[in-house]
Each structure stands twice: as structure tokens, then as C-alpha cells.
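What the coordinates show
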Amino acid sequence: MLRVFDDVLPEGVFQELREEVFDEKTPWYFLNDSAYSDKYWEPGQSSFYNTIYLDGEVESSKKDFFEKIVNVLLMQTNTSIDTLYRIRLGLHVSSSSSVPNKAHIDDERPHTVGLLYLNDSDGDTLIYKEKYDPREGLGAVDSFKKLDSLTISDRITPRANRLVIFDGHTYHASSTPTYPSSRRTLNFNFV
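Everything in this summary refers to the structure shown in the same document.

Conventions and cut-offs
- Residue numbers run consecutively from 1 along every chain, following the written order of its sequence.
- Reporting in this predicted model follows two pLDDT cut-offs: at least 70 for local features of residues, and 80 or more for side-chain atom pairs to be given and counted; totals over whole chains, interfaces and linings ignore these cut-offs and use all residues.
- The side-chain numbers reported here are obtained from all heavy atoms of the structure, hydrogens and water having been left aside.
- The salt bridge definition used is simple: a Lys or Arg side-chain nitrogen within 4 Å of an Asp or Glu carboxyl oxygen.
- Under the DSSP-based scheme used, a helix requires at least four consecutive residues in state H or I and a strand at least two consecutive residues in state E, with every element numbered from the N terminus.
- Three exposure classes are used, based on accessible area relative to the maximum for each residue type with a 1.4 Å probe and protein chains only: buried under 20%, partly exposed in between, and exposed over 50%.
- Any two residues having at least one pair of non-hydrogen atoms within 4.5 Å are treated as being in contact.
- Strand pairing requires that DSSP identify at least two bridges connecting the strands.

Let us now look at the pattern of salt bridges. For the structure shown, the criterion picks out 12 salt bridges. A salt bridge links Glu 20 to Lys 62, with the shortest nitrogen-to-oxygen separation between them at 3.5 Å. Of this pair, Glu 20 sits in helix α1 (residues 11–22) while Lys 62 sits in the loop between β4 (57–58) and α2 (63–76), placing them 42 residues apart in sequence. Assessed through its relative accessible area of 35%, Lys 62 is described here as partly exposed.

If you want it as C-alpha cells, here you go:
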């Protein structure tokens, strides 16, 4: 169910979004591990985030602005929504080589992922064939750890104003960019 939309937002709306996210006053919070807790930390897996909205809790005064953006994205792609779980900004800084972060899912509940790239980058998103199965009775981390290997089904290169929508139980991973200085995304999870 992978869907990719290029130039998804009208140019003026996209520029307004970029101005907000790239503003030096936008707060970013450090994560030792971009996919899991510090317990599974490995060098090169760090990133920054800014949670706007999470499970009914407003985490940012900019929630209305970002929710409007998500609604425009859904309208532009003829995607319906019942429940919005999360809106989150992501930032990976560049490194000397592009390295995939850990494969993960964003939430154990059934959901769909929307991932909007805010700039061009070589930090590809890897989409794997393997999926999390909640019927196993394992949490997402334990379920992932028991996999012997993962098979890449799709590789999405970040392009400004490109939206990717896929099943939230599909394992996926970001990659660190080598250019430009950062890879920035707007991520939202919904039913």
C-alpha cells in the first residue's frame, strides 16, 4: 500500500511550512537513538525531533498550524482519516556517509504513516517487506529483535514536498544524509 506523491502541497503552503520548520527558533530535542530507547543505542543512530501532537495531547503551540498542513496533505491525496495519533518533526544531521538507522514501526496500534520530506537529501527511507504482527503477543522491539534479517522492498529518496504514505506496521528506517547539512521531515500517524 505504498503511495508516493511529488509536489503534494501547493507551493505557497509548502514554503510557509518550510519557513516554520527551518526557523532557527524552532525547538529540536535530542534522541540518542532515532528508533528506539537509549537501551538499544548505537553510534550514528542519533537524531532530533519535535513532537507537535501525541495521542490527544497538544505538545506544541503550533499544533493548529501543523494539523492544517496534515489536513491539506490528506485532501490533496484523497486520503480519509478517522483518528490522528501523532504529528512529529524529524531532523537528522549530515555525516560522512549515509547510514541506515534501525528499522522500526512508529506505533504498535494499527495505523498509517504519512512522511513528508521538507528538503532534498540523500538520506533515503528504507521500506522493508517485513511487518510487525501484533498477534504474536510481542511488543514491537521484541518482535523486531527476533527477525533474522530484513528485505528492502522500497527505497525512497527525500525530495522537497514529496509525501510517502504506507501501512504503519511495515518496518522502515531513515538514513543519515551526507548532504545537505540536515534531512527534515514531517511525520504523522493516523487511522
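Turning to the side chain of Thr 112, a few remarks are in order. Looking at the element boundaries, Thr 112 is found in strand β6 (residues 112–117). What makes Thr 112 buried here is its relative accessible area of 15%. Setting aside chain neighbours within four positions, we find Thr 112 in contact with Met 1, Ile 165, Phe 166, Gly 168, Phe 188, Asn 189 and Phe 190.

Below, the discussion takes up the pairing of strand β7 (residues 125–131). A regular strand places its side chains so that they alternate between the two faces of the sheet. Taking burial as the measure, the seven residues of β7 include five buried ones, the bulk of the element. Inspection of the sheet shows β7 paired to strand β8 (residues 152–156) by four bridges, in the antiparallel sense. Each bridged residue has a counterpart across the sheet, and for Leu 126 the counterpart in β8 is Arg 155. Pairing geometry for β7 and strand β10 (residues 170–173), over three bridges, is antiparallel. Counterpart to Ile 127 in the pairing with β10 is His 172.

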